[in-house]
Amino acid sequence: MLPFLPLLLLGQAATAQPAPLPPRLGPPPKAAPVFGPIEQVMLGPIFRQRFMCAPHPMGELNYAGDALGSDCLVTGGVAGASGYMKFYRTDGKANEDWYGWHAEVLAPVAGTVLGLLAKPESNVPGTMGPPPAGQIRILTDNGIVVVLAHLTDFRVKAGDRVAAGQVIAVDGNNGMARNPHVHVGAWRQKDLVPLQIRWDLRALAATDAK
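Let us look at the structure shown here. (Residues numbered from 1 in each chain as written. Predicted model: local features only at pLDDT ≥ 70, side-chain atom pairs only at ≥ 80, totals over all residues. Heavy atoms only, no water.)

With respect to the pattern of salt bridges
Right, so step 1: Counted under the stated rule, the structure contains 7 salt bridges.
Right, so step 2: Put simply, Arg 48 and Glu 104 hold a salt bridge, and the shortest N to O gap is 2.4 Å. In this pair, Arg 48 is assigned in the loop between β3 (40-43) and β4 (51-55) and Glu 104 in strand β6 (residues 104-106), connecting sequence segments 56 residues apart.
Right, so step 3: Linking Arg 161 and Asp 141 is a salt bridge whose minimum nitrogen-to-oxygen distance equals 2.7 Å. (Salt bridge = Lys/Arg side-chain N within 4 Å of Asp/Glu carboxyl O. Helix = DSSP H or I, 4+ residues; strand = E, 2+ residues; numbered from the N terminus.)

Quick look at the sheet that holds strand β9 (residues 144-149)
Right, so step 1: Pairing within the open sheet is antiparallel, and its 7 strands lie in the order β4-β5-β13-β9-β8-β7-β11. Only two strands of the sheet have a single partner each, and these edge strands are β4 and β11 (161-162).
Right, so step 2: In this sheet, strand β8 (residues 135-139) lies alongside strand β7 (residues 111-117) in antiparallel orientation, the contact comprising 5 bridges. Bridge pairing links Leu 116 to Ile 136 in β8. (Pairing = 2+ DSSP bridges.)

Considerations on the sheet that holds strand β10 (residues 151-152)
Right, so step 1: Read across the open sheet, the 3 strands follow the order β6-β12-β10; overall the sheet is antiparallel. In this open sheet, the two edge strands, each paired with only one partner strand, are β6 and β10.
Right, so step 2: Examined bridge by bridge, β6 and strand β12 (residues 167-171) share 3 bridges and lie antiparallel to one another. Its bridge partner being in β12, Val 105 is matched across the sheet by Ala 169.

As for the nonpolar core
Right, so step 1: Ranked by size, the top nonpolar core spans 30 residues in total, and within it Phe 47, Ile 136, Ile 138, Val 146, Leu 148, Leu 151 and Ile 168 carry the most contacts.
Right, so step 2: When contributions to this core are tallied by element, the ones reaching two or more residues are β3, β5 (70-74), β8, β9, β12 and β13 (182-188).
Right, so step 3: Excluding residues within four positions of it along the chain, Val 146 makes contact with Leu 43, Pro 108, Val 109, Ile 136, Arg 137, Ile 138, Val 184, Gly 185 and Ala 186.
Right, so step 4: Listed in part, the 7 residues of the second largest apolar core include Ala 31, Ala 64, Ala 67 and Val 145. (Core = buried A, V, L, I, M, F, W, Y, C linked by side-chain atoms within 4.5 Å. Buried < 20%, exposed > 50% of the residue type's maximum accessible area, 1.4 Å probe, protein only. Contact = heavy atoms within 4.5 Å.)

Okay, structure coming up:
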């Protein structure tokens with residue numbers, strides 16, 4: 001933000017006024033009903049690490065960004081052919097035990113940051129906190145709003161232009177969450193129609209995920 005530069009008016013300095021703050025993100029709008037085929041949007045990866053997502057089925061949640069959104073968790077624990085993916089290292093009772101805790105979160109699209117909402121408090125795993133969640137909303141050039149929630153330690157601010165794959169925050173555990181993860185959802189800005197997420201597997205292969 002540029003510093004305030006006083007203007008000289010009739011030989012007198014104008015009174016400095018504080019610059020307006022970006023608007024605080026309010027709750028997401030209600031999603032429009034989907035009567036025909038469900039439309040899709042392709043997103044790039046939100047983590048460099050391998051991750052798994054559980055989508056919300058149609059009708060489970062009715063806010064734009066929640067409807068048809070997904071909850072995504074970083075996985076780990078794979079060791080050779082006999083290994084298997086896990087979400088936490090031991091018993092998962094501490095946030096630090098989860099593979100996704102404070103993992104860098106990537107912008108899944110290029111666009112402009114509409115706004116963000118900070119939520120510095122962290123939940124204890126297994127206990128859901130109160131809404132809202134720490135979140136960021138990005139508007140693409142073709143009018144799609146992408147929201148990522150349960151974030152902390154933001155690396156961008158409202159009005160910033162971001163590139164797909166840019167680090168925008170880290171994974172947290174806040175709001176209505178029981179464990180570290182990132183919720184991601186999308187809708188068309190013009191009519192609030194929610195979109196089903198498809199992941200760009202070519203872009204995923206370009207990360208350092210193993």
